[in-house]
Structure formats: structure tokens, C-alpha cells
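Structural features, examined
So the chains spell out like this:
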Amino acid sequence: ERAGAHEGAGGQMSSYQQLAGAYDELTWDVGYEKRADFWKAVPPQPHPSAHVLDLACGTGSMTWLLAGRGYELIAVDGSQEMLAAAREKSAPAEVPPLFLHQSMPRLDLYGTVDAAICCLDSLNYLTNPRDVQRTFQRLHLFISRGWLPSTCGCRSGWPPGRTGVPGRDGGHLLRVAHRVSAGAVYLLYGLVHPGGGRSWDRSFELHRQRGYSVEQLTRWLEEAALPTCAPGATGAAPPRTGEDRVY
């Protein structure tokens, strides 16, 4: 899902370049099917041909799944590499999604959509709180007034220390450094995956993110005149104590 994109100064992309090609291998256990089914089941039921915005679509896993459920998709991401992967994944769709290379705070659609999704920790790549507010304002502008359930995911923080995520191809994504400065967290990721013969290929990317509390997000959604509901975790249940990602 993103699915995420690092929106740096001026909305320029500075992450998900080396990692774009391995993203799906490293997120194989995210459970996109479950998320797509949950979103479709939230009342009121979306009509079969609803126009849905996948904001910060990443490699387009949710775009592809929702298009397969009959919706017309507009997929937006700030990474050209991630968009290229998303286009390839959705090529067989009966109604091909429209892909746009845009930053979240500068979202500019050709018309309105019926609903929007923004998955995983995409909003956390907006390290300036004002950019999160601008993103919500842009969503208010482009989501039609008879709106359907829309979801945004966001983290409140990250556990310190090193972490590792195994990929299906035998590779690993390693978080090798973690530093907090001026409210933002700097995460250095190392990608290690099998090369030819007994060799291994290795690359590194620096990601900058910022955590936001439920209270902050609720206030900014209300200021943008976007209706809010009780935050949840992955499904409909309320977040547990210490939950680091809510919707």
C-alpha cells in the first residue's frame, strides 16, 4: 500500500528510489486484501462505480485491489519509481487507473472523487505539520460532498533500535540507524538481497518522518471541514494502548 512517499522541501521526493523495486517483496505480509475488504464493508456501502483516490499509492497494491472490485481509481504518489511499479501492476485492470505524479499538499485533480484512502504511514512523510493541514484541505476540495468513508493512516512514533524485515526472495530490509531531531525522526534503511551466485547486493536510503497524535489529526481534519470518526487500528476495533499506527 504506501505506500508512502517522503515529501521533502518544496514537495520534492527524496525516498523510495532504491526501495521501490523491492517494496512489494518486503511488504508481502501487510494484508492488503483484508484492508480492501474492510474498507468496502464500512457503511455506507460505496456504489459499484465510485471514483476513489488512492493518495500516496506507492506500488499500487490497494489501487489494484480496489480497481478489481469495480471502482474507478485515481492514484497519486510523489515517487516516480513507485508510480512506475503501480502502473505495471494495474496494467491488466478493466478500467485502468489514472496515475498522477504529485505531492500530497499540492494535490490537484481534474474533478471530485467519492472517497479517498491514504494507507500505512504515508502522512508521516510530511514532516511539516502545515503540510498535513494543506493535504486535508486539498482532500476537502476534491472529495464530493456526498462523500463515502475515507481512511488515512498515521503513526504516532517509532520504537528505537534496529529492526529487520525479511523479504520473500531471501532479502532483508534493515533499519540501521534511528535519530530524532527537531520533531522529525531520521531512519536509515539498508536493503540487502541476493545477487548473482554467492554475492549479495546492498543499498541504503535515508527516510525522514514525523509522528502525529490522534488529537492533532482530529483537530486538523475538523479545521478542514472533513467529518471524523473514532480512530481505529487495522480493523474496526479501537486502537490498543501503545498502538503506533491508527486510521
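Counting restarts for each chain, with residues numbered from 1 along the sequence as it is written. Given that this is a predicted model, residues contribute local features only at a pLDDT of at least 70 and side-chain atom pairs are listed and counted only at 80 or more, while totals for whole chains, interfaces and linings are drawn from all residues. Note: side-chain values were computed over all heavy atoms of the structure, leaving out hydrogens and water.

1. Structural notes on the packing of aromatic side chains
Here a Phe, Tyr or Trp ring, Trp counted by its six-membered ring, pairs with any other such ring whose centre lies within 6.5 Å, and the pair is stacked when the planes are under 30 degrees apart, edge-to-face when over 60, and tilted otherwise. As enumerated under the stated definition, the model contains one aromatic pair in all. On the numbers, 5.5 Å between centres and 70° between planes, the contact of Y212 with W220 is edge-to-face. The same class applies to Y212 and to W220, which are both buried. With a 1.4 Å probe rolled over the protein chains alone, any residue whose accessible area is under 20% of its type maximum counts as buried; one over 50% counts as exposed, and the rest are partly exposed.

2. Observations regarding helix α4 (residues 80-89)
If you check which residues of α4 are buried, you get M82, L83 and A86. Along the axis of α4, the buried residues cluster in a sector spanning 100°; they form a single face. Opposite the buried face of α4, by more than 90 degrees, sit the exposed residues Q80 and E88. The numbering of helices and of strands both runs from the N terminus, where a helix is a DSSP run of H or I of at least 4 residues and a strand a run of E of at least 2. The arc in question is the one traced by the directions running from the helix axis out to the C-beta atoms.

3. Regarding the state of the cysteines
Working definition: the covalent bond between the sulfur atoms of two cysteines is a disulfide. Disulfide assignment relies on a single distance test, namely cysteine sulfur atoms paired within 2.5 Å. Per the counting criterion, the structure on display carries zero disulfides. Sulfur of C119: no disulfide; nearest cysteine sulfur belongs to C118 and is 7.1 Å away.

4. Here's the deal with the pairing of strand β2 (residues 72-77)
Counting buried positions along β2 yields five of six residues, so the element is predominantly enclosed. Here five bridges tie strand β1 (residues 51-55) to β2, and the two strands are oriented parallel to one another. Its bridge partner lying in β2, L55 is registered against V76. On the question of chirality, the crossover connecting β1 to the parallel β2 by way of helix α3 (residues 61-68) is right-handed. Two strands are counted as paired when DSSP detects at least two bridges linking them. The sheet contact formed by β2 and strand β3 (residues 98-101) spans four bridges and is parallel. Crossovers are described as right-handed under a simple rule: with the strands pointing away from the observer, the path leading from the first strand over the helix to the second runs clockwise.

5. Quick notes on unusual backbone geometry
Non-glycine residue A56 carries a positive phi angle of around 60°. Examined against the element boundaries, A56 turns out to sit in the loop between β1 and α3. You can call A56 buried: its relative accessible area is 2%. Positioned with a positive phi, A225 is a non-glycine residue whose angle comes to about 65°. With respect to the secondary-structure elements, A225 resides in the loop between α6 (214-223) and β11 (245-246).

6. Considerations on the environment of Q209
Relative to the helices and strands, Q209 is located in strand β10 (residues 200-209). Along the primary structure Q209 and S122 are separated by 87 residues, whereas in three dimensions their C-alpha atoms are 9.1 Å apart. Think of a polar contact as two N or O atoms within 3.5 Å of one another; within protein, one of them needs to be a possible hydrogen donor and the other a possible acceptor, and neighboring residues in sequence only count if both atoms come from side chains. Within the structure, Q209 has its side chain in polar contact with the side chain of D121 (distance 3.0 Å).

7. Things to note about the packing of helix α5 (residues 129-142) against α6
Axes are the key here: two packed helices are described by the angle between their axes and the distance separating the axes. Helix axes are fitted only over the stretch in contact, all axes being lines through C-alpha atoms; the angle between N-to-C directions runs from 0 to 180 degrees. α6 packs onto α5 with a crossing angle of 45° between their chain directions and a minimal axis gap of 9 Å. Classified by the interaxial angle, the pair formed by α5 and α6 is oblique. α6 is crossed by α5, and the crossing has right-handed handedness. Taking contact as the criterion, the partners of P129, V132, Q133 and F136 in α5 are, on α6, L217, W220, L221 and E223. In the scheme used here, Gly and all other residues not listed as nonpolar or charged are polar, with Ala, Val, Leu, Ile, Met, Phe, Trp, Tyr, Cys and Pro taken as nonpolar and Asp, Glu, Lys and Arg as charged. Per-class residue counts for the contact of α5 with α6 are six nonpolar, one polar and one charged. In this scheme, roughly parallel covers angles under 35 degrees and roughly antiparallel covers those over 145, while 65 to 115 is roughly perpendicular and the rest are oblique. By definition, any crossing whose near helix is turned counterclockwise from its far helix by less than a right angle is left-handed, and any crossing with a clockwise turn is right-handed. In this analysis, two residues are considered to be in contact whenever any of their non-hydrogen atoms come within 4.5 Å of each other.

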